Amino acid sequence: MSPENQVANVSHARSARGRLWQMLPVDWGRVQEVTNEPVPGHIKRWWFALGGTPAYLFFIQLTTGILLSFYYVPSPDHAYESVAAITSRVSFGWFIRSVHKWAANLMIITVILHMCRVYFSCAFRHPRQANWLVGCCLLMTTLVMGFTGYSLVYEQLSYWGITVATELTATAPFIGDALATFMKGGEKIGPNTLTRMYNLHVGILPVTMVLLIGLHVAMLRIHGVSELSLDDPRRKGEAGESPRLASSMLGVRLIALIAAIAAAGALYMAVLNPAPVKVIAYALTIESSRIFWLVGASVLMTASVLLFLGHMYGLMIWLFVGILSLGKLLFDLATGEAANSALWIAGAVVLAITAVYGVIRHGHFIEGKGEDKPFNFFPDHIVTELMIGTLLLFLLTLLSLVFPAELHEKANPLVTPEHIKPEWYFFFQFRLLKLTGLNTAVFLTGGLVVLLVAWPWVDAILERIAPKKDLGVYVGIVAFLTFLVFTVWEAMV
Ligand code: HEM
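Residues numbered from 1 in each chain as written. Predicted model: local features only at pLDDT ≥ 70, side-chain atom pairs only at ≥ 80, totals over all residues.

Participant: Looking at this structure, how should I read the overall build of the protein chain?
Facilitator: Along its length, the protein chain carries 22 helices and two strands. A total of 493 residues make up the protein chain; the buried ones form 26% of that total. Of the contacts formed within the protein chain by residues at least 6 apart in sequence, a portion of 72% connects residues at least 24 apart. (Helix = DSSP H or I, 4+ residues; strand = E, 2+ residues; numbered from the N terminus. Buried ≥ 20, exposed ≤ 12 C-beta atoms within 10 Å, placed from the backbone. Contact = placed C-beta atoms within 7 Å.)

Written out as structure tokens, the structure is:
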């Protein structure tokens, strides 16, 4: 044991709390050593540390999923009715179901964004190839979790979604038929199919996910997180091991630009069709939505403490609340319903004060930002992750209140719906299917999966053919844009 550990253990032993800790068979000095390990300064950038977000959302999935499983009945005769009961009769059932659904969607979005960060910062290069493979398995597991969860609702689109998925699987060479039969639990879709989807969704996949996340983080600890260099080493004449070149930053900026355009487009559509805006405003004023106020109040309290401590996230949350209030105030003024706007006026005042405070103390908040000094995992990094977690909880609550999970028509094997649509994260494959036909779509999807898995080695070959040209970055930009265009195209049909 190191002298520092001995000192830590002795000082623990003297206090009453230390005596209590001693009753547990844990080397607290070692725990302190591990949790206080310095984290490289560049992890302060939220987009570089996005990997923690899907892990947090997975935890929310587990918690809400366990609650839902108390009421869900996995049989074709009762599945739909049990979901209907959860949605309309069980206390807060609609809320738990909505949070579960939104957390699943956010998890998929954040996994894709995290993958983009890893890709464009070339963090998959030697020696991290194996962790990229684990990441690919995590991506597949997340997508299959989404698919199996969707099928449990047993509404028309769940049933016909499984039908299309198993037909697609059956066309895959060699193992297609066997895999489709395994998914269906026989020759046809029936009670066995639902049991299998349920088993996968609540048992096999969550356990696989926990094991994969454990392996992913263990490998991360072995290699350490990759370096980040925003400068172009070519200009400096250096040759980095895992260089982050200027052209890659071009990719990141391009994606940020596209995201900003998409957000502006969504805002524009909301203005053209004010219905969703009205719904948001309505949800914000429902007095019965106690959870909203409860979560809101706790977020604000946490934000105030953080603001007091000079933490950036406190400022961000208060600004967010202020902007919401200002929006509601403007909405009330526009619709002539200024009667109960006192709260929102207070919010707008908060926005103004926070903005002024933010400007005055600007230097304080960005202190040390450019220096990228290492910082402690605990409490610094954990507090940041918790803050992001609280913000996400706030967002999930808001989304669940404004857009609660719906329930459509019950599955009917005899009636094919007019429009079959999978969840948005399979829109890309669905568009490919419509454009190229069944066999080609399956072949292309398989090819893309193989390319994704083998990317660290393909990239190495490209680097050898055209050193420091960063061809992979351009491939990534084209791939991401194609995914985005196909997804939006399918969403609009
Ligand atoms: C449930 C899904 C996932 C979780 C919870 C997760 C979690 C994490 C975490 C916490 C990190 C540390 C750095 C950071 O916070 O960004 C990380 C790094 C990494 N992840 Fe993931 N990840 C997931 C999916 C993926 C996927 C889909 C890929 C790629 C196909 C991937 C590849 C990597 C690689 C290569 C690193 C090392 C990056 C570096 O050293 O800079 N991960 N992951």
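Participant: In this structure, what is going on with the nonpolar core? I would like to understand it.
Facilitator: Among soluble globular proteins, nonpolar side chains are generally buried collectively. By size, the foremost hydrophobic cluster in this structure holds 47 residues, and its most contacted members are Val99, Ala103, Met107, Leu152 and Tyr154. Elements with a minimum of two residues in this core: α4 (52-69), α5 (79-88), α6 (93-120), α7 (129-152), α8 (156-170) and α10 (191-223). In terms of residue count, the dominant contributor to this core is α6 (13 residues). Sequence-distant contacts of Leu152, defined by excluding residues within four places in its chain, comprise Tyr72, Ala79, Met197, Tyr198 and His201. (Core = buried A, V, L, I, M, F, W, Y, C linked by C-beta atoms within 7 Å.)

Participant: What is the right way to look at the packing of α7 against α8 in this model?
Facilitator: Running from N to C, α7 and α8 cross one another at 135°; their axes reach a closest spacing of 7 Å. For the element pair α7 / α8, the angle class is oblique. Judged by the twist between their axes, the crossing of α7 over α8 is left-handed. Contact residues: α7 offers Phe147, Tyr150 and Ser151, while α8 offers Ser158, Gly161, Ile162 and Ala165. The residue makeup of the contact of α7 with α8, split by class, is four nonpolar, three polar and no charged. (Axes fitted to C-alpha atoms, helices over the stretch in contact; angles between N-to-C directions. Parallel < 35°, antiparallel > 145°, perpendicular 65-115°, else oblique. Left-handed = near helix turned anticlockwise from the far one by under 90°. Nonpolar A, V, L, I, M, F, W, Y, C, P; charged D, E, K, R; others polar.)

Participant: What exactly am I supposed to notice about α8 here?
Facilitator: Residues that lie three or four places apart on an α-helix share one face, since the helix turns once every 3.6 residues. Taking 1.5 Å as the rise per residue, α8 with 15 residues should run 21 Å; its terminal C-alpha atoms sit 21 Å apart, in good agreement. Those residues of α8 lying buried are Leu157, Ser158, Tyr159, Trp160, Gly161, Ile162 and Leu168. (Expected span 1.5 Å × (residues − 1).)

Participant: What's the story with the site of the ligand in this structure? I'm lost.
Facilitator: In the neighbourhood of the ligand, 25 residues make up the surrounding shell, with Gly51, Ala123, Gly135, Leu139 and Ser226 lying closest. Looking at the shell around the ligand, the elements with two or more residues in it are α4, α6, α7 and α10. Residues of the shell around the ligand, tallied by class, amount to 16 nonpolar, eight polar and one charged. (Near = placed C-beta within 6 Å.)

Participant: Could you clarify how one ought to interpret the environment of Thr436 in this entry?
Facilitator: Note on placement: Thr436 falls in helix α19 (residues 427-436). If we ignore the near neighbours within four places in the chain, the residues touching Thr436 are Ala441 and Leu444.

Participant: I tried to follow α7 on my own but got confused; where do I start?
Facilitator: Spanning 24 residues, α7 covers 35 Å between terminal C-alpha atoms, matching the ideal 34 Å at 1.5 Å per step. A positive backbone phi angle near 60° is found at Tyr154, which sits one or two residues after α7.

Participant: I'm lost on the confidence of the model for the protein chain in this one. Help?
Facilitator: Low pLDDT marks stretches whose predicted atomic positions should not be read closely. On average, residues of the protein chain carry a pLDDT of 79, and 68% of them reach 70 or more. Low confidence marks residues 365-369, where pLDDT is under 50. Its contacts with residues over four positions away, or in another chain, come to four contacts. (pLDDT = per-residue confidence, 0-100.)

Participant: Before we go on, may I ask you to explain the environment of Gly52 in this structure?
Facilitator: Looking at the secondary structure, you find Gly52 in helix α4. Taking the C-beta count within 10 Å as the criterion, Gly52 has 19 such neighbours and is therefore assigned partly exposed. As for Gly52 and Val111, which are separated by 59 residues in sequence, their C-alpha atoms are 9.6 Å apart.

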